[in-house]
Structures are given as C-alpha cells and as structure tokens.
Amino acid sequence: MTSVVFNAGNEEYAIPVQYIVSIENMEEINPIPHLPSYVKGVVKSRGELIPVLDLATILYESATPMNIETRLLVIHTKDFSYGLVVHEAKEILEIPSETLQQVGLVAYHKTKYFSAIANLQDRLITMIDPEELLDVLEGIKEIKNYMAELQQEA
C-alpha cells in the first residue's frame, strides 16, 4: 500500500496515497472562532475552501509546532475535503501488506481510525484511515455544515 509518511508528536503515521490530493507548505490559515480546538481554521486549496485540522491536537491535545517542516496534507474522502496539519511529511513509502498488523486499539471507538500498524525493519508506522478519523471527531458535522454554507456563499 503506497502511503505518505509523516510525524505527529514523536511517532510516525501514514495515510494511503489515494486520499492525498497534495502536500503543501503551511500558508496562512484564516482562524474561525468557536470551533473545536483541533480546527485551526480554513485555507483555500485549489480554489476550494477547506477546514484545517491539527493532527497533534487530535492525538495529543497539543498543537503541531508551526515551522519550516510543518506541512498541510490536503485530503479528499468520499464526501469531504480537509487539510491535516502534520510535522515533516517526509516520504512516500510502499508499505508491504504483510507488514501490516491489526491493532487491538481499532476496537476502541476513539481510535478506530488507526487501521493498522506497519511493522517495518527498524520502525513502526501507525496507519490512519482519514474517513474514520472524521467519524470520531466531535463537532465534525457542524464543521461540514459550516463549510457547505461557505461554499454556497462563495
């Protein structure tokens, strides 16, 4: 499975490449008040307004440090596009399916977006399902509705 590998906290994570529209340098994010803490705001990507979610805030309740290595993964799922702030999106890696191991944590409703762990020679990479990630986030329905309103106004 071809995936984009990146960091959040001190761990490595990956998202299958078919969900990734682009990997971009961090530009200015337009903040929106009263949204959950994991939502940094909105950006324009390829002419479309998308919400920006911070993976470190989702996983560890601490913001991704904004610096030269910070990247925005633009992700497209079947019904929603969003940006995911990550640290160092550093490689596109072919992860052999035989290295993927199911995680006991998948059963835990708050982390069901961890689809597997790639057990490679000298590293472990946690695979994230970007559709499941949206399902567990509190307030995501309101954000989807807000984005739909913004699109109609534009």
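Conventions used here
- Residues numbered from 1 in each chain as written.
- Predicted model: local features only at pLDDT ≥ 70, side-chain atom pairs only at ≥ 80, totals over all residues.
- Heavy atoms only, no water.
- Helix = DSSP H or I, 4+ residues; strand = E, 2+ residues; numbered from the N terminus.
- Buried < 20%, exposed > 50% of the residue type's maximum accessible area, 1.4 Å probe, protein only.
- Polar contact = N/O pair within 3.5 Å; in protein donor to acceptor, adjacent residues only side chain to side chain.
- Contact = heavy atoms within 4.5 Å.
- Salt bridge = Lys/Arg side-chain N within 4 Å of Asp/Glu carboxyl O.
- Core = buried A, V, L, I, M, F, W, Y, C linked by side-chain atoms within 4.5 Å.
- Phe/Tyr/Trp six-rings, centres within 6.5 Å; stacked < 30°, edge-to-face > 60°.
- Lys NZ or Arg CZ within 6 Å of the ring centre and 35° of its normal.

Quick question: what am I supposed to make of the side chain of Ser45 here?
Among the structural elements, Ser45 can be located in strand 4 (residues 39-45). Of the residues examined, Ser45 reaches a relative accessible area of 4% and is grouped as buried. Within the structure, Ser45 has its side chain in polar contact with the side chain of Glu24 (distance 3.4 Å). The contact partners of Ser45, leaving out residues within four places of it in the chain, are Glu24, Ile50 and Val74.

Which parts of the structure should I look at to understand the side chain of Asp54?
Mapped onto the elements of the fold, Asp54 is located in strand 5 (residues 48-54). For Asp54, a relative accessible area of 0% gives the class buried. Look past the residues within four positions of Asp54 in its chain and what remains in contact with it is Tyr38, Lys40, Ala63, Thr64 and Val85.

So what exactly am I meant to see when it comes to the pattern of salt bridges here?
Side-chain pairs of opposite charge can arise where the charged atoms are in close proximity. For the coordinates displayed, the defined rule picks out seven salt bridges. For Glu131, the salt bridge is made with Lys78, and the minimal N-O distance between the two is 2.8 Å. Of this pair, Glu131 sits in helix 2 (residues 130-136) while Lys78 is found in the loop between strand 6 (70-77) and strand 7 (80-94), placing the two residues 53 residues apart along the sequence. On the accessibility criterion, Lys78 (71% relative accessible area) is exposed. Taking the shortest distance from any N to any O, the salt bridge between Glu91 and Arg123 comes out at 2.4 Å. Note that Glu91 is positioned in strand 7 and Arg123 in strand 10 (residues 123-128), a separation of 32 residues in sequence. Since its relative accessible area comes to 22%, Arg123 is described here as partly exposed.

In this structure, what is going on with the nonpolar core? I would like to understand it.
A general trend in soluble globular proteins is that nonpolar side chains are found buried together. In terms of nonpolar packing, the biggest core is built from 32 residues, with Phe6, Ile15, Leu53, Leu73, Leu84 and Ile128 touching the most fellow members. At the level of secondary structure, the elements contributing two or more residues to this core comprise strand 1 (2-8), strand 2 (11-16), strand 4, helix 1 (55-60), strand 6, strand 7, helix 2 and helix 3 (140-153). Tallying contributions element by element places strand 7 first for this core, with five residues. In this structure Leu84 touches Ile15, Leu53, Leu55, Arg71, Leu72, Leu73, Ile75 and Leu133, once residues within four positions along its chain are discounted. Among the nonpolar cores identified, the runner-up in size contains nine residues, and Ile95, Ala118, Leu120 and Met127 belong to it.

What am I meant to see in the packing of aromatic side chains here?
The description of an aromatic ring pair uses the distance of the two centres, along with the angle that the planes make with each other. One pass over the full model with this rule turns up three aromatic pairs. Chaining the aromatic ring pairs together yields one cluster made of Tyr13, Tyr113 and Phe114. Positioned above the aromatic ring of Phe80, the side-chain terminus of Lys144 is 5.5 Å from the ring centre.

What exactly am I supposed to notice about the environment of Ile15 here?
Relative to the helices and strands, Ile15 resides in strand 2. C-alpha separation for the pair Ile15 and Leu73, spaced 58 residues apart in sequence, amounts to 9.6 Å. What Ile15 contacts, discounting residues up to four positions off in sequence, is Ser3, Val4, Phe6, Ile20, Leu73, Ile75, Leu84, Ile128 and Pro130.

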